[in-house]
Amino acid sequence: MNPIIFNLEKLPDWFGVLPEIILLVFAALVIILDLFVSQKKILAAVSLIGIIASGALSLGFWGTELSFFNGLILTDSFAVFFKLLFLGVSFLIVLASEDYVNSFRRLQGEYYALLLLATTGMMLMAGAGDITTVYVSLELTGISLYALTGFLKDRKSTEAALKYLLLGAIASAVLLYGLALIFGITGKTGLGEIARAVQAQLSGSASVSPALFLGLVLLIAGFGFKIASIPFHMWVPDVYEGAPTTVTAFLSVASKAAGFAIIMRVITSVFAAPDWLARDWATVFAVLSVLTMTAANIVAIPQSNIKRMLGYSSIAQAGYLMVGLAALGSSPFPGALAGMSPAQSGVLFFLASYAFTNLGAFTAITIIAQKIGSDEIADYAGMGRRSPLLALALTFCLVSLIGIPPASGFMAKFYIFRAAVQADLLWLVIIAVINSVISAYYYLRVVKVMWLESPPSAEKVPSSALPTVSLAVSCLGVLALGTIPGLIMKLAEMVNQFMP
Amino acid sequence: MGLAAAFWVMAVFAVAAALLVVSLRNIFRTALALIVCFIAVAGLYITLSADFLAAAQILVYVGAISVLIILAIMMTREVRQGNPANRPLKLPVLAVAVVLLGLLVYVVVASPWQVSGTPPLAPTTGPLSRLLFGSQGYVLATEICAVLILAAILGAIVLAKEKEE
Amino acid sequence: MTVGLEHYLVLAAVLFCIGLYGALTRRNAVVILMCIEIMLNAVNLTLIAFSRYVVPQLLTGQVFAIFVMVVAAAEVAVGVAIILAIYRGLTDIDVNNINLLKW
């Protein structure tokens, strides 16, 4: 534990959710300021300040192992890592949103406020220590995202919002049924209490009670929707295509990371022991992983809309991440599930790398779409000549998604695959590597269109300041994680999970 | 005995109403069947000595959610258009639902539920309020619900507001 | 025959599966919302039955059910807002033809 300046044991409960409270205060401030301020850039600035303040406060909880509100919320490095990830993503999204938000004169305050509320929900998800907080924070995130998806109010956007809401509600009902079964068999709601009750019931018996097992299956189905694993991915292509591109970026990165955070929190704490139980869900994730990456990569090949293609690409990336979850469950390291396992740090590193990479790719697309008014890959012809830097940045991000050094995607895959090999999952790694090769085909096709085909017009594609900053930060992040991965990896290896 | 009779009556009403919701062609009648289902479930809550929840069920589901849904039907004049089903998917989904039901029933029968013999707490309103708002209870989840409602209000305003020209 | 925990759980399972079937086969968005409400009611019934029989003195299941009700109401509010937006001609899609399982 880090040296702590003052006695954390005596802190009032609200202290544990201070980062979230700050973010909420700024969300409210944005809504109120929206009424009085005519210069709307101030709203973005206020949101950014709120995000930075919340991030600084979150950082103070690094290395602590505390629970607040009677165990409803936990603060540990695991939560802090994810909170900083979500805050970092929404910081870059706010920057990248400048052009988009300027296109609607009203409702700008609501856009930023909903973005901050969704981030708050995700931060609470990362620290949730009780199935009630898991559920309500999941729904807070979900409802904010449904509204953000429909923000454009055109045909595609509204249809996407309706589809996302209906499928999301069905998925959360399934998840809720799983939580109810786990509550019923243990009689507890706190994750730590549930874990102890499960272990007490399993000690001495060689099989798991059917209710617990079905609860686990329903949980994986419900969370599978959040991380867009096949076969729970039906919403992804339409929603990614219909939503505002900045929101798509947010969905594909933050929402997915939140899904993995909550999976690791719930499944690795409640179903960690004994070994055979952990191996059971590891096998489920291994199978889902194979299905997800293979199907998504094959369907991505014929896509002509770049948002749709990146939608399938992000499904495939969830498949690689699930290789990490499978390795986590069958990890040969004792105590691996309390954190400090190569599989967990690999998943965390992958999520950080994926966040920068996908944000970079989507920001580049946002900037290009704003100027050429199209998301069709064919219209990207000659982008290398019309706007070399933009095309270079997008190329770099796509290369990272394939997993070619020096981009961070390579190191991310390397860490996860190494952990999987150590956990005797060589077959899974081989399938994942074959999939990476398949995926190179559709990523490189975009690169080829951009650099080798001749542009329809020689007109330059200019970009506005803030989104460019966001893009530059993302690309630097991809480069930094790819060339000096040790730094973040050290942090990821220090991440612990606290069980009250 | 009275409790058992009440359970069976409510159960039959709830299942019949739910079946009507998924099968009726006239969407307005579908909404009415849904209300019957909600009321039957409220009755079941009473047999489980959840008095506060039964009242909340009537207020929230019958009073608010049903009215919202009927409003949506009226505003969109969907009564005439009916309640079409998705033909090609009917059978596979039916199979999934039946398999899930079989699994659930098996789980209910085969799981070692630790049924406690102690009588339930009644009335529940006081203890529930302490759980919802007390520092030893779920006050944080209650507060997150408040934020969730804020998000829902913002979202509803954004989505339903007329598009500016 | 006395009514016990299992009776309530089986009833809730039946309601849940009816709701799931309806939600995935209907094409009218309003009806899908109704079916989702049936599913949430089924889960609430499960939670309250567990609360009554497993932890009769604690009421934790009932508290959880209250949170579910809040979420259900919020979801319906946002859902109806989207449906109204569609109908009022803000867009030209048909509420009667939402196909959830198409990909």
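Analysis parameters
- Residues numbered from 1 in each chain as written.
- Chains lettered and ligands numbered in written order.
- Predicted model: local features only at pLDDT ≥ 70, side-chain atom pairs only at ≥ 80, totals over all residues.
- Helix = DSSP H or I, 4+ residues; strand = E, 2+ residues; numbered from the N terminus.
- Contact = placed C-beta atoms within 7 Å.
- Rg over C-alpha atoms; globule rule 2.2 N^0.38 Å.
- Buried ≥ 20, exposed ≤ 12 C-beta atoms within 10 Å, placed from the backbone.
- Domains from an automatic or database assignment.
- Nonpolar A, V, L, I, M, F, W, Y, C, P; charged D, E, K, R; others polar.
- Expected span 1.5 Å × (residues − 1).
- Core = buried A, V, L, I, M, F, W, Y, C linked by C-beta atoms within 7 Å.
- Axes fitted to C-alpha atoms, helices over the stretch in contact; angles between N-to-C directions.
- Parallel < 35°, antiparallel > 145°, perpendicular 65-115°, else oblique.
- Left-handed = near helix turned anticlockwise from the far one by under 90°.
- pLDDT = per-residue confidence, 0-100.

Student: Could you clarify how one ought to interpret the overall build of chain A in this entry?
Tutor: When you go through chain A residue by residue, the secondary structure sums to 20 helices and two strands. With respect to the three principal axes, the spread of C-alpha positions in chain A is 75 × 55 × 45 Å. Across chain A, the fraction of contacts at a sequence separation of at least 24, relative to all contacts at a separation of at least 6, is 81%.

Student: How should I be thinking about the overall build of chain B in this particular structure?
Tutor: Each helix and strand in chain B was counted, giving six helices and zero strands. When the helices and strands of chain B are read in sequence order from the N terminus, they spell out α-α-α-α-α-α. For 165 residues, the compact-globule formula gives about 15 Å, and the C-alpha radius of gyration of chain B, at 20 Å, lies well above that figure. Expressed as a percentage of the 165 residues in chain B, the buried residues total 37%. Pairs at least 24 apart in sequence give 56% of the contacts found in chain B among residues at least 6 apart.

Student: Would you take a moment to explain the domain arrangement of chain B for this structure?
Tutor: Interfaces are frequently sized by the accessible area removed from exposure as the parts join. When cut into domains, chain B gives domain 1 (1-81) and domain 2 (124-165). Placing the centre of domain 1 of chain B and that of domain 2 of chain B at their C-alpha centroids yields a distance of 23 Å.

Student: Could you clarify how one ought to interpret the environment of Leu3(B) in this entry?
Tutor: Looking at the element boundaries, Leu3(B) is found in helix α1 (residues 2-23). Between the alpha carbons of Leu3(B) and Ala55(B) there is a distance of 18 Å; along the sequence they are 52 residues apart. If we skip the residues at most four places from it in the chain, Leu3(B) touches Thr47(B) and Val3(C).

Student: Can you walk me through the interface of chain A and chain C in this structure?
Tutor: Listed by partner, the interface residues are 31 residues for chain A and 34 residues for chain C. At the level of secondary structure, the elements contributing two or more residues to the side of chain A that touches chain C comprise α6 (131-149) and α7 (155-186) of chain A. Ranked by residue count, the leading element in the side of chain A that touches chain C is α7(A), at 17 residues. Across the side of chain A that touches chain C, the residue classes break down as 19 nonpolar, six polar and six charged.

Student: Which parts of the structure should I look at to understand helix α14 (residues 342-372) of chain A?
Tutor: Note that an α-helix has 3.6 residues per turn; residues three or four places apart therefore point the same way. Taking 1.5 Å of rise per residue, 31 residues should cover 45 Å, and α14(A) covers 44 Å from first to last C-alpha, within 8% of that figure. Where α14(A) ends, the next residue or the one after it, Gly373(A), has phi of about 65 degrees, a positive value.

Student: Help me understand the nonpolar core, please; the structure alone is not making it clear to me.
Tutor: If you look at the biggest cluster of nonpolar residues, it comprises 311 residues, and the most contacted ones within it are Leu148(B) and Val78(C). With 21 residues, α7(A) is the single largest residue contributor to this core. Lining this core are residues from two domains, each supplying at least three of them: domain 1 (1-81) and domain 2 (124-165) of chain B. In contact with Leu148(B), other than residues within four places in its own chain, are Val136(A), Glu139(A), Leu140(A), Ile143(A), Val70(C), Val71(C) and Ala74(C).

Student: Explain the interface of chain C and chain B to me, please; I cannot follow it from the model alone.
Tutor: Chain C puts 67 residues into the contact, and the matching count from chain B is 75 residues. For the side of chain C that touches chain B, the secondary structure elements donating two or more residues are α1 (5-25), α2 (29-53) and α3 (60-90) of chain C. Sort the elements by how many residues they give to the side of chain C that touches chain B and α3(C) lands first, with 22 residues.

Student: Quick question: what am I supposed to make of the packing of helix α2 (residues 41-59) of chain A against helix α5 (residues 108-127) of chain A here?
Tutor: Each packed pair of helices is defined by two parameters, the angle between the axes and the distance between the axes. Residue and element names in this part refer to chain A. Put simply, α2 and α5 touch, their axes get as near as 10 Å, and they point 15 degrees apart. By the criterion of interaxial angle, the relationship of α2 to α5 is roughly parallel. Regarding α2 and α5, the two cross each other, and that crossing is right-handed. Residues Leu 43, Ala 44, Ser 47 and Gly 50 of α2 lie in contact with α5, whose contacting residues are Gln 108, Gly 109, Tyr 112 and Leu 116. Of the residues belonging to the contact of α2 with α5, the class tally is four nonpolar, four polar and no charged.

Student: It is not clear to me how the environment of Glu75(C) should be interpreted in this structure. Could you clarify?
Tutor: Position of Glu75(C) among the secondary structure elements: in helix α3. You can call Glu75(C) buried: it has 27 C-beta atoms within 10 Å. Not counting the four nearest positions on each side in its chain, Glu75(C) is found in contact with Ile143(A), Leu165(A) and Ala169(A).

Student: Would you mind showing me how to read helix α17 (residues 408-422) of chain A here?
Tutor: Residues and elements named next belong to chain A. Over its 15 residues, α17 extends 21 Å from the first C-alpha to the last, a length consistent with the 21 Å expected when each residue adds 1.5 Å. Counting buried residues in α17 gives eleven out of 15 residues, a clear majority hidden from the surface. Within α17, the full set of buried residues consists of Ser 408, Gly 409, Phe 410, Met 411, Ala 412, Lys 413, Tyr 415, Ile 416, Phe 417, Ala 419 and Ala 420. Buried residues along α17 sit against α13 (306-329), α14, α16 (388-402), α18 (426-452), α19 (465-483) and α20 (486-494). Immediately downstream of α17, the backbone of Asp 424 shows phi near 65 degrees, a positive value.

Student: Would you mind going over the packing of α13(A) against α18(A) with me for this structure?
Tutor: Residues and elements named next belong to chain A. Contact pair α13 / α18: the axes reach a minimum separation of 11 Å and the direction vectors enclose 160 degrees. Of the possible angle classes, the one that applies to α13 and α18 is roughly antiparallel. The handedness of the crossing between α13 and α18 is left-handed. Residue-level inspection shows Ile 306, Met 309, Ser 313, Ala 316, Tyr 320, Val 323 and Ala 326 of α13 in contact with α18, the latter providing Leu 428, Ala 432, Asn 435, Ser 439, Tyr 442 and Val 446.

Student: Please clarify how unusual backbone geometry should be interpreted in this entry.
Tutor: Leave glycine aside and you will find that most residues have negative phi; peptide bonds, for their part, are mostly trans. Residues and elements named next belong to chain A. A cis amide bond links Ile 230 with the next residue in sequence, Pro 231, at an omega value of 5 degrees. By the secondary structure assignment, Pro 231 is in the loop between α9 (210-226) and α10 (236-242). Here Pro 405 and Pro 406 are connected by a cis peptide whose omega angle stands at 10 degrees. Within the secondary structure, Pro 406 sits in the loop between α16 and α17. In this structure, Asn 70 takes a positive phi of about 65 degrees despite not being glycine. For Asn 70, the position within the fold is in the loop between β1 (66-68) and β2 (73-75). C-beta crowding within 10 Å serves as the criterion here: with 18 such atoms nearby, Asn 70 is assigned to the partly exposed category. Positive phi values are uncommon outside glycine, yet Asp 424 reaches one of about 65 degrees. In this structure, Asp 424 sits in the loop between α17 and α18.

Student: Just checking my understanding: could you explain the confidence of the model for chain A for this structure?
Tutor: Close inspection of predicted coordinates is inappropriate for parts of the model with low pLDDT. Residues and elements named next belong to chain A. Considering every residue of chain A, the mean pLDDT works out to 88; 94% of them sit at 70 or more. Per-element confidence in chain A ranges from a low mean pLDDT of 78 for helix α4 (residues 98-102) to a high of 95 for α6. This model gives residues 1-5 a pLDDT under 50, and the stretch forms four contacts once residues within four places in sequence are excluded.

Student: Any chance you could explain the environment of Ser374(A) here in plain terms?
Tutor: Residues and elements named next belong to chain A. Tracing the backbone shows Ser 374 in the loop between α14 and α15 (383-386). By the C-beta count within 10 Å, which is 13 here, Ser 374 ends up partly exposed. C-alpha separation for the pair Ser 374 and Asn 305, spaced 69 residues apart in sequence, amounts to 8.8 Å. Once residues within four sequence positions are removed from consideration, Ser 374 is found in contact with Ala 369 and Asp 379.

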